[in-house]
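A look at the structure
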Number of protein chains: 2
Amino acid sequence: MGLAPLGHVLFKNFLNFNPKNPKWAGRDRFVLSNGHACVLLYSLLHLFGYDVTLDDLKNFRQLGSRTPGHPENDLCGVEVTTGPLGQGIANAVGLALAESQLAATFNKPGYDLIDNYTYAIFGDGCMQEGVASEAMSLAGHLKLGKLIAFYDDNHITIDGDTNVSFTEDVLKRLEAYGWHTIWVKDGNTDLAGITAAIEEAKKVTDKPSVIKVTTTIGYGSKQQGTHSVHGAALKKDDIVQLKEQFGFDPEQNFVIPKEVTELYAQTVKAGAEREVEWNNLLSKYSKEFPELASELTRRLKGELPAGWEKKLPTYSTSDPAIASRKLSETVLTDIFEVLPELIGGSADLTGSNLTRPKDINDYQPTQDPASGDYTGRYIRYGVREHGMGAVMNGIAAYGAFIPYGGTFLNFVSYAAGAVRLSALSHHHVIWVATHDSIGLGEDGPTHQPIETLAHFRAIPNLQVWRPADGNETSAAYFKAITNSHSPSIICLSRQNLPQLEGSSVEKASKGGYTLVEAENPDVLIVSTGSEVYIAVDAVKELAKEGIKAGVISLPDWHTFNQQPQEYRLSVFPDGVPILSAEVMSTSGWQAYSHQQFGINRFGASGPYQDVYKYFEFTPEGIAKRAKATAEYYKGQTVKSPLHKAF
Amino acid sequence: MGLAPLGHVLFKNFLNFNPKNPKWAGRDRFVLSNGHACVLLYSLLHLFGYDVTLDDLKNFRQLGSRTPGHPENDLCGVEVTTGPLGQGIANAVGLALAESQLAATFNKPGYDLIDNYTYAIFGDGCMQEGVASEAMSLAGHLKLGKLIAFYDDNHITIDGDTNVSFTEDVLKRLEAYGWHTIWVKDGNTDLAGITAAIEEAKKVTDKPSVIKVTTTIGYGSKQQGTHSVHGAALKKDDIVQLKEQFGFDPEQNFVIPKEVTELYAQTVKAGAEREVEWNNLLSKYSKEFPELASELTRRLKGELPAGWEKKLPTYSTSDPAIASRKLSETVLTDIFEVLPELIGGSADLTGSNLTRPKDINDYQPTQDPASGDYTGRYIRYGVREHGMGAVMNGIAAYGAFIPYGGTFLNFVSYAAGAVRLSALSHHHVIWVATHDSIGLGEDGPTHQPIETLAHFRAIPNLQVWRPADGNETSAAYFKAITNSHSPSIICLSRQNLPQLEGSSVEKASKGGYTLVEAENPDVLIVSTGSEVYIAVDAVKELAKEGIKAGVISLPDWHTFNQQPQEYRLSVFPDGVPILSAEVMSTSGWQAYSHQQFGINRFGASGPYQDVYKYFEFTPEGIAKRAKATAEYYKGQTVKSPLHKAF
Ligand SMILES: [Ca+2]
Ligand SMILES: [Ca+2]
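What counts as what
- Residues numbered from 1 in each chain as written.
- Chains lettered and ligands numbered in written order.
- Predicted model: local features only at pLDDT ≥ 70, side-chain atom pairs only at ≥ 80, totals over all residues.
- Heavy atoms only, no water.
- Helix = DSSP H or I, 4+ residues; strand = E, 2+ residues; numbered from the N terminus.
- Rg over C-alpha atoms; globule rule 2.2 N^0.38 Å.
- Buried < 20%, exposed > 50% of the residue type's maximum accessible area, 1.4 Å probe, protein only.
- Contact = heavy atoms within 4.5 Å.
- Areas by Shrake-Rupley, 256 points an atom, 1.4 Å probe, with all protein chains shown as cover.
- Lys, Arg positive; Asp, Glu negative; His and termini not counted.
- Charge placed at Lys NZ, Arg CZ, Asp CG, Glu CD.
- UniProt positions renumbered as here; feature names shortened; annotations may be inferred.
- Donors = N, O, S within 2.8 Å, 3.2 Å for Na, K, Ca; no water.
- Axes fitted to C-alpha atoms, helices over the stretch in contact; angles between N-to-C directions.
- Parallel < 35°, antiparallel > 145°, perpendicular 65-115°, else oblique.
- Left-handed = near helix turned anticlockwise from the far one by under 90°.
- Nonpolar A, V, L, I, M, F, W, Y, C, P; charged D, E, K, R; others polar.
- Expected span 1.5 Å × (residues − 1).
- Least-squares fit on C-alpha atoms with pLDDT ≥ 70 in both.
- Phe/Tyr/Trp six-rings, centres within 6.5 Å; stacked < 30°, edge-to-face > 60°.
- Lys NZ or Arg CZ within 6 Å of the ring centre and 35° of its normal.
- Core = buried A, V, L, I, M, F, W, Y, C linked by side-chain atoms within 4.5 Å.
- Buried area = accessible area lost by both parts, 1.4 Å probe.
- Salt bridge = Lys/Arg side-chain N within 4 Å of Asp/Glu carboxyl O.
- Polar contact = N/O pair within 3.5 Å; in protein donor to acceptor, adjacent residues only side chain to side chain.
- Pairing = 2+ DSSP bridges.

It is worth spelling out the overall build of chain A at this point. Broken down by element type, chain A carries 25 helices and 20 strands. In terms of overall size, chain A behaves like a compact globule, its C-alpha atoms giving a radius of gyration of 27 Å where 646 residues would be expected to give roughly 26 Å. Overall, the C-alpha framework of chain A stretches about 90 × 60 × 45 Å when taken along its three principal axes. Within chain A, the fraction of its 646 residues that count as buried is 65%. Pairs at least 24 residues apart make up 76% of the contacts formed inside chain A by residues separated by at least 6 positions. Put simply, chain A shows about 22300 Å² of open surface, and 50% of that area lies on carbon and sulfur atoms. Of note, chain A has its 58 positive side-chain charges centred 2 Å away from the centre of its 74 negative side-chain charges.

Encoded structure:
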C-alpha cells in the first residue's frame with residue numbers, strides 16, 4: 001500500500017503503454033523488483049485495462065490462477081518475473097541497455113522510433129543483494145539515462161526495522177556508481193513531489209536516475225510502519241477502518257468506484273492513440289528506410305533471417321584439433337554479421353572466453369571510437385557474473401536481441417539465481433561457459449567445475465551443451481539460437497579437441513547420437529565434450545582385447561530428451577551395458593548408463609594432461625572401466641536405462 | 001609485483017604471527033582476496049619462515065604440489081581459500097566479526113587475549129562482485145574496526161583497463177557503507193605512506209578501514225601498466241632487465257639474498273616471542289578466570305563439550321505433527337546454551353526460518369540492550385545470502401565458532417559460490433534452509449526449489465540433510481555439528497510433518513535406514529523429508545491391493561555413502577525394485593532407485609495441499625507409481641542400484 005501513490009502517478013501520468021496490446025514495441029517498460037508487492041502490480045494492471053480480471057485478483061495465489069505469489073512474465077503487462085530479490089532491478093538495467101542499443105542502431109533524425117523509458121521499483125531487500133549491486137554499478141558506467149528507478153524506502157524488511165542490518169547511505173552509494181539521485185521525502189501523500197522528481201529524472205539523459213521515495217509501509221493501516229504488514233494480511237477491523245478512512249464502503253470487496261474506472265479509461269484511450277501514432281511513424285520510416293524497417297520489424301517479431309544457419313562452420317577429420325572455446329569464437333565471428341540481434345559480452349574474461357568476434361565495436365557510452373558507442377554489440381560486463389545473467393535476462397525480455405555472455409563454467413554458478421529465472425521465464429539467453437572442466441589445468445580446484453553440470457542439467461527448460469568438436473559446437477549454437485524458448489549454457493574446453501569421425505551438425509542437433517557404431521557391442525560408452533575423443537580412443541584399446549565397444553555422444557540432455565522415444569532407444573538400446581565417462585560428478589548419469597566413471601571429489605592444479613592422467617581419464621583408464629562394465633553384466637539381461645515403468 | 005611493497009610493509013612491520021606455529025590463536029589474519037596473485041603470498045610465506053620451501057615455489061601450479069594456482073587453506077599461513085573473486089574480502093569480514101565476538105565474550109580488563117587485526121587485499125575484480133558488496137555493506141553496519149582492507153588499485157582487469165567496465169568511485173561507495181577510507185597515491189615506492197595509512201586505520205576503531213593503494217601492475221617490467229602482465233609470464237629479456245634494475249643477478253633464479261633472509265629472521269624471532277607473551281597472558285588469565293579459560297581453550301581446539309548431544313530432543317508418534325523448520329527451532333533453542341560456539345543468523349528471514357532461539361541477544365555494534373552488542377550470538381545478515389555464506393566461511397575459519405545461517409532453500413543457490421568453497425575448504429558451516437519444496441505453497445515457482453538438491457548433493461564433501469520428522473531433525477543437527485570437516489545444508493519444511501514410527505536419532509544419523517520393514521517386499525519406496533510420511537501412507541494403500549511395500553528414509557546421501565557397503569546393501573537390498581519419491585528433480589535419484597517419481601518442471605503457486613495434490617504427491621499418487629514399478633520388474637532379476645562394476 002505504501003507504493004500505491006507512486007504506482008498511481010507513474011501509470012497515470014508517465015507510463016506509455018497500450019493495455020490492449022501489452023507487447024506494443026514502443027511501450028515504456030515497468031519492473032516491480034520487489035515482487036512480493038505484486039498485489040499492487042496486479043491491481044494496477046486491472047485498473048488500467050489490461051486483461052487482468054477481478055476474478056484473477058480474487059484468485060491471487062491460488063492453484064492454476066494467473067496471479068501467483070510473485071509476478072511471472074507470462075501474464076500480460078509483466079515484463080519480467082520477479083520475486084527473487086535483486087533480479088528485477090538488474091533486469092531493468094538490461095531493458096534500458098537494449099533500448100539504448102536499438103535506438104542507436106535504428107533511429108534516424110525525425111524518427112525516434114525506439115524511445116522508451118524503463119521504470120523500476122526496488123526495495124531495501126533488492127539493494128542488499130549483490131546482483132543488484134553489480135548491475136547498478138554497470139548501469140552507472142554505461143550512463144543509461146532512460147533508466148529511472150524508485151527506491152521504496154519504507155524502513156522495513158522481514159526481520160523488522162532496516163536498522164538491524166542495513167544502515168548504509170543508499171543514495172551516496174548510487175552516486176558513487178554514477179547515478180543521478182533525487183529524494184521525495186513524503187511518498188505517502190506528496191504526489192506533486194513524485195511527479196516533479198520523475199520530470200527531473202527524465203531531464204538527466206547521461207545518467208540513470210534513482211528516486212528515493214520515503215513511505216510508510218501499510219500507510220493508513222493501524223499497523224502502519226511495522227513489519228507485521230510486510231508479509232501477513234491485515235486484520236478485518238483494520239481493513240474496515242482503512243476503507244472508511246479513504247471513503248470506501250467497508251462492506252464491499254473488490255469494487256472499483258465508477259469515477260476511478262472512468263479516469264483510467266482516459267489513460268487507456270491515450271495509450272491506444274499513442275500506438276497508432278507510433279505505427280504511423282513506423283510506416284513513414286519504412287518508406288524512407290525500407291531495409292532498416294524490415295530488419296527492425298523482423299527482429300521485433302523474433303524471427304531469424306532466412307538461411308543464417310548456412311554460416312555455421314562444419315569440419316572434417318582432416319581439420320586440426322582446436323579448443324572448443326576457439327571453435328565457439330569461429331562460430332560467433334561467422335554468424336555475428338548475419339544475426340545483428342546477437343549482442344555479446346563477457347564477465348571480464350574476453351581473452352579467455354574468446355567471446356568477442358574480431359573487428360567489432362564495444363557497446364559503450366562514449367563516442368570514442370577506440371572504446372565504442374551505443375551501437376556497439378559487445379558488452380564489457382566486468383567481473384559481475386550474476387549481474388550479467390540478470391542483465392541478459394532483461395535484454396532478452398526487451399525483444400529484438402539474443403544476448404550471450406561469457407565466463408568460466410564454474411562461475412556461471414555465481415549467477416545461479418539469474419540462470420534459474422532465464423529458464424522459468426523462457427528468456428532467450430546464451431551462456432558461453434569456457435574452461436569447462438579439470439581441463440583448465442593450473443588454475444586448480446577453485447576454478448574446476450565438479451557439481452556444475454549436475455546442477456544445470458537439473459534445471460527445467462535449460463539447454464546445457466557440451467560439444468565434443470567443431471560440428472557439435474555449431475550444433476550447440478544452432479539449437480541455442482533456434483530454440484528461442486529455452487536458454488542455453490554452452491560448455492567449452494580450454495584444451496584442443498580433435499575433429500571426430502562421424503560427428504555432424506545434424507546429428508548433434510538431436511542432443512545425442514551414436515558416434516561410433518559397433519556390431520553386437522559388448523559395451524557402449526556415453527560421453528560429452530572433451531572426453532568423447534578419449535572414449536573413441538578407448539574403443540581402440542578395447543578392440544585389442546577383443547572387446548567390441550561403441551560410443552554415444554550426448555552433448556545436451558535437454559534436447560535429447562525431446563526426441564521421440566524410438567530414436568532415443570536406438571541410441572541407448574536394450575541388451576548392452578553402458579558406461580558414462582565425464583570428468584565431473586557422476587550424479588545424474590545413472591539415467592543414461594549402467595555404470596559411471598567421473599570425478600566425485602574436487603579437482604587438482606597442474607598441467608591439464610597431468611590432471612587427466614591423474615584421474616585416469618585416458619584411453620586406457622576409460623577402457624579399463626568399460627571392460628569391467630562389460631564383464632560385470634556378462635550373461636545378464638540388460639535393459640536400456642531409458643525405460644520407464646510409468 | 002605491484003603488491004610487493006605493500007606485502008613487505010605489512011608482513012614486516014604490522015602482521016602479528018608466528019610462522020613456526022601458523023595456527024597460533026593470537027595471530028593477525030591475512031587474506032589475499034585476489035587469489036590469482038598467490039605468487040606474492042607463497043613468496044611472503046617462504047620469506048617469512050613458514051613451512052613453504054623453495055621447492056614448493058618451484059612447483060607452483062604443478063600436480064601434487066602444495067602451491068596450486070589459487071591458494072587453498074590447507075597450506076600453512078593461508079587462512080582461507082581464495083581465487084573465486086569477492087570471496088576473500090567477504091571471508092575477512094567473517095574473520096573480523098568472529099574476533100570481535102570472541103573478544104567481547106572472553107576479554108577482561110588487563111586481559112586483551114583476543115585482540116587481532118584482520119588484513120585483506122582485494123582488487124577491482126573483487127569489488128565488482130556482488131558477494132563483496134553484500135559483505136562490505138554488512139561490515140560497515142557492524143562497525144568492524146579491526147578490519148583493514150587494501151584496495152589494489154592497478155587500473156587493470158583481465159579485459160584491459162578498468163575504464164571499460166568499472167568507473168565507479170570505490171572509496172565513496174565504501175564510505176556510503178560506513179567505512180573509513182584512506183588513499184596512498186604511490187603504492188609502488190611510498191613505503192612510508194603505506195605505513196602511515198595502516199597506523200591511521202588502526203586508530204579508527206569504530207569503522208572498518210579501506211586503504212586504496214594505487215599501483216602499477218608489473219611495476220619495473222617493460223610491460224608495466226598493461227594487462228598482458230596480469231595472467232601471462234614475463235618474457236626472458238624483461239626478467240633480466242627487471243632483476244638488474246633491482247640489483248639482482250639475472251643469471252640466478254629462486255635465490256634469496258642473505259641480507260633479506262637475515263632481516264626477515266628478526267621478524268620470525270619477534271613473532272615467536274609474541275606467542276610466548278600471549279601464552280603467559282593466557283596462563284595468568286587461567287588462574288583468575290579458570291572457567292572462562294577452559295571454555296576458551298576448548299573452543300580454540302574445536303572440541304565439543306561432553307554430553308551436549310543429550311540436549312537434542314527426541315520424539316515419539318504420540319507427539320504432534322510439527323513443521324521441520326519448527327523442529328529445527330526447538331533443536332537450536334535446546335542446544336544454544338550448551339554450545340556457546342554456535343553463532344546464528346538469517347538473511348532477513350528470521351521469522352520464517354525460525355533460526356533465532358528465544359531470549360538471546362543480537363550481535364550488534366551498539367550497546368543498546370534492545371538491539372544487542374558484540375557478545376550477541378545472532379547476526380542480522382540482511383538480504384545477503386551470498387555474503388552470509390562467505391562471512392560464515394570466515395567465521396568458521398577463525399576457529400572457536402560454528403556458524404549457522406538461515407534462508408529459503410531456493411536462495412541458498414544465490415550463495416553457490418560460497419557453499420562450494422565451504423566444502424572445498426572443509427569449513428564447519430551450517431545452512432538452515434527452510435521452505436524446502438513446493439510445500440512452501442503460495443510463494444510459487446520463483447521460490448520453490450526443483451534443481452536445488454541435485455545441485456548441492458553433487459558437491460563433494462557437503463552434507464545435504466532433509467529430515468522427515470523430529471528425530472531426523474535432531475540427527476541432522478547431530479551430524480552437522482559433530483562432522484566438523486563437512487559443511488551442511490539442513491533442508492526444512494514450512495508445513496507440518498507427523499512424527500514417524502520407526503525413526504530414531506541413531507538410525508537417521510547413518511544418513512539412511514529402513515523406516516518401514518516389509519517381508520519379501522514387492523517394492524521399496526525411498527524418500528526424504530516431507531514426502532516420507534506420504535510414502536508410509538502409500539504403503540497402506542498398496543497393502544489394500546495386496547502389494548507388500550517398505551519405506552527407506554534417506555535424509556543425507558553424503559553421510560549414507562560413508563557407511564559400510566554391507567549396511568548400505570541391507571537398506572537397498574538385491575531382489576526388490578525401488579521407487580524414489582521426492583517433490584523435486586529426479587536427477588541423481590537413479591543412483592538409489594530403479595524408477596523415480598519427482599517434479600522435472602517448475603512448481604506452482606497455491607495452498608500447499610493443492611500443490612501436492614496437483615503433482616500427485618499423495619498416498620494414492622505414490623502408491624500408483626509403486627505399483628507400476630512392482631509390476632514392471634515382476635519376474636525379472638533385480639539388483640540393488642548400489643552395486644558397482646568397478
Ligand atoms: Ca523495505
Ligand atoms: Ca585490478
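Still more to cover.
Here the focus is the UniProt feature "binding site: thiamine diphosphate" (unreviewed entry) in chain A. Residues and elements named next belong to chain A. Here, the residues flagged by UniProt with the feature "binding site: thiamine diphosphate" (unreviewed entry) are His-36, Gly-83, Pro-84, Leu-85, Gly-125, Asn-154, His-230 and Phe-411. Topologically, His-36 is positioned in the loop between strand E1 (29–32) and helix H2 (38–47). Classification of His-36 as partly exposed rests on a relative accessible area of 37%.

Turning our attention to the coordination of the calcium ion (ligand 2). A four-donor tetrahedral metal ideally has 109.5 degree angles, and a six-donor octahedral metal ideally has angles of 90 or 180 degrees. Residues and elements named next belong to chain B. Of the protein atoms, only Asp-124 (OD), Asn-154 (OD1) and Ile-156 (O) coordinate the calcium ion (ligand 2), at distances of 2.3 to 2.5 Å. Motif for the calcium ion (ligand 2), donor spacing along one chain: D-x29-N-x1-I. Residue Asp-124 is located in helix H5 (residues 124–128), and its partner Asn-154 is located in the loop between strand E3 (147–153) and strand E4 (156–157); the two are separated by 30 residues in the primary sequence. What makes Asn-154 buried here is its relative accessible area of 10%.

For the calcium ion (ligand 1), the full set of protein donor atoms is Asp-124 of chain A (OD), Asn-154 of chain A (OD1) and Ile-156 of chain A (O), at a range of 2.3 to 2.5 Å. Accessibility expressed as a relative area gives 8% for Ile-156 of chain A, which makes it buried.

Our focus in this paragraph is the packing of helix H1 (residues 4–14) of chain B against helix H8 (residues 191–203) of chain B. Residue and element names in this part refer to chain B. Their axes nearest at 10 Å, the elements H1 and H8 cross at an angle of 55 degrees. For the element pair H1 / H8, the angle class is oblique. Here H1 runs over H8; the crossing is right-handed. Between H1, through Pro-5, Leu-6, His-8, Val-9, Leu-10, Asn-13 and Phe-14, and H8, the contact on the second element is made entirely by Leu-191, Ile-194, Thr-195, Ile-198, Glu-199 and Lys-202. For the contact of H1 with H8, the class distribution of residues is eight nonpolar, three polar and two charged.

Right, let's talk about helix H25 (residues 619–633) of chain A for a bit. Residues and elements named next belong to chain A. Counted at 1.5 Å a residue, the expected span for H25 with its 15 residues is 21 Å, and the 21 Å between its end C-alpha atoms agrees. Next to the buried residues of H25 lie strand E17 (523–527), helix H21 (532–544), strand E19 (578–581) and strand E20 (595–597). The first or second residue beyond H25 is Gly-635, which carries a positive phi of 80 degrees.

At an RMSD of 0.0 Å, chain A and chain B line up after a rotation of 180 degrees and a shift of 0.0 Å along the axis. Taken together, these values place the two copies in the relation of a two-fold axis. Same-surface contact between copies: 99% of interface residues of chain A are shared with the interface of chain B.

Residue and element names in this part refer to chain B. As a packed pair, H1 and helix H11 (residues 258–288) sit with axes 9 Å apart at the nearest point and diverge in direction by 45 degrees. With respect to H11, the element H1 is oriented oblique. On H11, the residues that touch His-8, Phe-11 and Lys-12 of H1 are Leu-263, Tyr-264 and Thr-267. Considering only residue class, the contact of H1 with H11 consists of three nonpolar, two polar and one charged.

Moving on, we get to the packing of aromatic side chains. Tallying each qualifying case throughout the model produces 56 aromatic pairs over all chains. With 3.9 Å between their ring centres and 0 degrees between their planes, Phe-597 of chain A and Phe-617 of chain A make a pair best called stacked. Linking Phe-597 of chain A in strand E20 with Phe-617 of chain A in the loop between helix H24 (608–614) and H25, this pair joins segments that are 20 residues apart in sequence. A residue is classified by how much of its surface remains accessible, and Phe-617 of chain A, at 1% relative accessible area, is buried. Their ring planes at 80 degrees and their centres at 4.8 Å tell us that Tyr-632 of chain A and Tyr-633 of chain A sit as a pair that is edge-to-face. One aromatic cluster is present, formed by Trp-557, Phe-560, Tyr-567, Phe-572, Trp-589 and Tyr-592 of chain A through successive ring pairs. Just above the ring of Tyr-398 of chain B sits the side chain of Arg-29 of chain B; from NZ or CZ to the centre is 4.0 Å. In this structure, Arg-299 of chain B packs its charged tip against the face of Phe-401 of chain B, placed 4.9 Å from the ring centre.

On to the nonpolar core, then. Counting 251 residues, the largest nonpolar core has Phe-122 and Ile-489 of chain A together with Phe-122, Ile-489 and Phe-572 of chain B as its most contacted members. Excluding residues that lie within four positions of it along the chain, Ile-489 of chain A makes contacts with Leu-409, Val-412, Val-419, Trp-431, Ala-433, Phe-456, Leu-462, Gln-463, Val-464 and Trp-465 of chain A.

Our focus in this paragraph is the interface of chain A and chain B. Contact with chain A, which involves 103 residues of that partner, is made by 102 residues of chain B. Summing the contributions of chain A and of chain B, the shared interface buries around 8500 Å²; its carbon and sulfur component is 56%. Scanning the region where chain A abuts chain B turns up eight salt bridges. With a shortest N-O distance of 3.1 Å, Arg-380 of chain A and Asp-159 of chain B are connected by a salt bridge. Linking chain A with chain B are 56 residue pairs in polar contact (both at pLDDT 80 or more), by the criterion used here. Split by residue class, the side of chain A that touches chain B holds 37 nonpolar, 43 polar and 23 charged.

Glancing now at helix H12 (residues 290–301) of chain B. Residues and elements named next belong to chain B. With twelve residues, H12 ought to run about 16 Å at 1.5 Å a step, and its terminal C-alpha atoms sit 16 Å apart, in line with that. Taken residue by residue, H12 has Ala-293, Leu-296, Arg-298 and Arg-299 as its buried positions. The inward-facing, buried residues of H12 contact helix H4 (87–106) and H11. Gly-302 lies just past H12 and shows a positive phi near 75 degrees.

As a further point, take unusual backbone geometry. Most peptide bonds take the trans configuration, and most residues that are not glycine carry a negative phi. Although it is not a glycine, Asn-520 of chain A adopts a positive phi angle of roughly 45 degrees. Counting through the fold element by element, Asn-520 of chain A comes out in the loop between strand E16 (513–516) and E17. Take Asn-520 of chain A: its relative accessible area is 61%, and that puts it in the exposed class. A positive phi angle is found at Asp-348 of chain B, which is not glycine, with a value near 65 degrees.

A separate point is the sheet that holds strand E14 (residues 488–491) of chain B. Backbone hydrogen bonds hold the strands of a sheet together, and the pairing may be parallel or antiparallel. Residue and element names in this part refer to chain B. Reading across from one edge, E10-E9-E11-E12-E14-E13 is the order of the six strands in this open sheet, with parallel pairing throughout. Of all strands in the sheet, those bounded by a partner on one side alone are strand E10 (378–380) and strand E13 (463–465). Each neighbouring strand pair of the sheet contributes to a mean axis angle of 20 degrees, computed without reference to strand direction. With four bridges connecting them, strand E12 (residues 430–434) and E14 associate as parallel partners. Paired with Ile-430 across the strands is Ser-488, a residue of E14.

Here we come to the UniProt feature "binding site: Mg(2+)" (unreviewed entry) in chain A. Residues and elements named next belong to chain A. Under the UniProt annotation, the feature "binding site: Mg(2+)" (unreviewed entry) is placed at Asp-124, Asn-154 and Ile-156. In sequence the annotated residues extend across 33 residues, while in space they remain close, none of their C-alpha pairs exceeding 8.1 Å. Note on Asp-124: relative accessible area 3%, which makes it buried. In this structure Asp-124 touches Tyr-151, Asp-152, Asn-154, His-155, Ile-156, Thr-157, Thr-162 and Phe-166, once residues within four positions along its chain are discounted. Dropping the residues within four chain positions of it, Asn-154 is found in contact with Asp-124, Thr-215 and Ile-217.

Among the structural elements, Asp-206 of chain B can be located in the loop between H8 and strand E7 (209–214). Taking the C-alpha atoms as reference points, Asp-206 of chain B and Ala-270 of chain B, 64 residues apart in sequence, are found 29 Å from one another.

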